[in-house]
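The primary structure of each chain is shown beneath.
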Amino acid sequence: MTASTHSYCDDRIRLTVGDLTEQAVDVIVNAANSSLLGGGGVDGAIHRAGGPAILEACRALRQSEWPDGLPTGQVAITTGGKLPAPYVIHTVGPIYGQHDGNEAVLLAACYRNAIELAAERGLKRIAFPAISTGVYGYPPESAARVVSRTLSELLASGVAVDEIRLVFFDAQQMASFVTHQQFPR
Ligand code: APR
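Residues numbered from 1 in each chain as written. Predicted model: local features only at pLDDT ≥ 70, side-chain atom pairs only at ≥ 80, totals over all residues. Heavy atoms only, no water.

Chemist: Sorry, what's going on with the site of the ligand here?
Modeler: Surrounding the ligand, one finds 21 residues, the nearest of these being N33, G40, V42, D43 and G134. In this structure, N33 approaches the ligand through a side-chain N or O atom, which is 2.8 Å from an oxygen atom. Between G40 and the ligand, the recorded distance is 2.7 Å, taken from a backbone N or O atom to an oxygen atom. Contact with the protein chains hides 91% of the accessible area of the ligand, taken as 700 Å² for the molecule alone. In this structure the site holding the ligand corresponds to the largest pocket. (Near = heavy atom within 4 Å. Polar contact = N/O pair within 3.5 Å; in protein donor to acceptor, adjacent residues only side chain to side chain. Areas by Shrake-Rupley, 256 points an atom, 1.4 Å probe, with all protein chains shown as cover. 1 Å grid on protein atoms, 1.4 Å probe; cavity = no way out; pocket = protein on both sides within 12 Å on 5 of 7 lines; lining within 4 Å. Sits in = over half its atoms within 2 Å of the grid points.)

If you want it as structure tokens, here you go:
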């Protein structure tokens, strides 16, 4: 099945349906939890497909940079292990309703911090899942507005990435994003 795609911002932002772990980009972004020690959803899929090297690298982060875990909105990079992508940027999305109304700011921070870290490391093609819209309960239509505005602002600011890929697990989720996105016309 050829995944239908949509693109925005001179094709620098591309939407597709598929499995994030199969994306042949420079770095994929994991919707992790603050423990960094794995979980379900896309986190589980990344650790399963990427193998133990990713968990070992996450454990090392917990013993060094993030002894108390990764705070919501923050990012940390590890090897991609056996994934097609050589790197994973782990981030912790907001749990909807648990951040005193700061959920949108924190969701935007996940995307902004991941893209800025990728640019710093010279990683030009980055792929995201729909962070927080699964277990963490973020309403997809609200997430679409926050994410599209954040990505547009980042590209307008000249951030040094060539492709931002938004990977949806099913066509319905991508369709919802397309309906509610606020990318510039
Ligand atoms: N590829 C692409 N998207 C995926 C995949 C995959 N392999 N697996 C799941 N998704 C989608 C889900 O359908 C959802 O739209 O990723 C989105 C994010 O869902 P979750 O993985 O549940 O992430 P999140 O809502 O941020 O919750 C994070 O869940 O897995 C645990 O350890 C994780 O505690 C953390 C929490």
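Still to come is the rest of the account.
Chemist: I tried to follow the layout of surface pockets on my own but got confused; where do I start?
Modeler: In this approach, a probe sized like a water molecule rolls over the atoms, and the result shows the empty space that is left. Roughly 750 Å³ of volume is contained in the largest pocket. What lines the largest pocket is a set of 35 residues, and nearest its centre among them are A31, V42, P129, A130 and G134. At the level of elements, β3 (27–32), α1 (41–50), α4 (140–156), β7 (163–168) and α5 (171–180) are the ones that each hand at least two residues to the lining of the largest pocket. For the lining of the largest pocket, the leading source of residues is α1, giving five residues. Partitioned by chemical class, the residues of the lining of the largest pocket number 20 nonpolar, 12 polar and three charged. (Points joined across faces, edges and corners; volume = space filled by probe spheres on them. Helix = DSSP H or I, 4+ residues; strand = E, 2+ residues; numbered from the N terminus. Nonpolar A, V, L, I, M, F, W, Y, C, P; charged D, E, K, R; others polar.)

Chemist: Would you mind going over the nonpolar core with me for this structure?
Modeler: In summary, soluble globular proteins display a tendency toward joint burial of nonpolar side chains. Core analysis: the largest hydrophobic core is formed by 38 residues, its most contacted members being F128, I164 and L166. Mapped onto this core, the elements with two or more residues apiece are β2 (13–17), β3, β4 (75–79), α3 (103–120), β6 (125–128), α4, β7 and α5. Broken down by element, the residue count for this core peaks at nine residues, all from α3. Setting aside its immediate chain neighbours within four residues, F128 contacts L20, V29, Y111, A114, I115, I164, R165, L166 and V167. By size, the runner-up hydrophobic cluster in this structure holds 18 residues, among which are W66, V88, V92 and V167. (Core = buried A, V, L, I, M, F, W, Y, C linked by side-chain atoms within 4.5 Å. Buried < 20%, exposed > 50% of the residue type's maximum accessible area, 1.4 Å probe, protein only. Contact = heavy atoms within 4.5 Å.)

Chemist: Would you mind going over α3 with me for this structure?
Modeler: A turn of α-helix holds 3.6 residues, and therefore any two residues three or four places apart point the same way. Look at α3: 26 Å from first C-alpha to last across 18 residues, which is about the 26 Å you get at 1.5 Å a residue. Inspection of α3 places E103, L106, L107, A108, A109, C110, Y111, A114, I115, L117, A118 and A119 among the buried residues, and these make up the whole buried set. Phi turns positive, to about 70°, at G122, one or two residues after α3. (Expected span 1.5 Å × (residues − 1).)

Chemist: Teacher, can you tell me more about the pattern of salt bridges here?
Modeler: Under the counting rule described, the total for this entry stands at three salt bridges. Linking E163 and R14 is a salt bridge whose minimum nitrogen-to-oxygen distance equals 3.6 Å. Of this pair, E163 sits in strand β7 while R14 sits in strand β2, placing them 149 residues apart in sequence. Taking the relative accessible area as the measure of exposure, E163 reaches 6% and is therefore buried. Given the relative accessible area of 36%, R14 is considered partly exposed. (Salt bridge = Lys/Arg side-chain N within 4 Å of Asp/Glu carboxyl O.)

Chemist: What's the story with the sheet that holds β3 in this structure? I'm lost.
Modeler: Sheet strands line up and pair through hydrogen bonds in the backbone, either parallel or antiparallel. Taken in spatial order, the seven strands line up as β1-β2-β7-β6-β3-β5-β4 in an open sheet, and their pairing is mixed. Strand pairing shows two members of the sheet lacking a second neighbour, β1 (5–8) and β4, which therefore form its edges. Strand after strand, the sheet turns through a mean of 25° between neighbouring axes, direction not considered. In the sheet, β2 pairs with β7 via five bridges, with the strands oriented parallel. Each residue of the ladder has a partner; that of L15, found in β7, is L166. Running over the sheet, α1 touches β3 and β5 (87–92) and is turned about 130° from β3. Along the sheet, helix α2 (residues 52–63) contacts β4 and β5; its crossing angle with β4, the most-contacted strand, is approximately 135°. (Pairing = 2+ DSSP bridges. Axes fitted to C-alpha atoms, helices over the stretch in contact; angles between N-to-C directions.)

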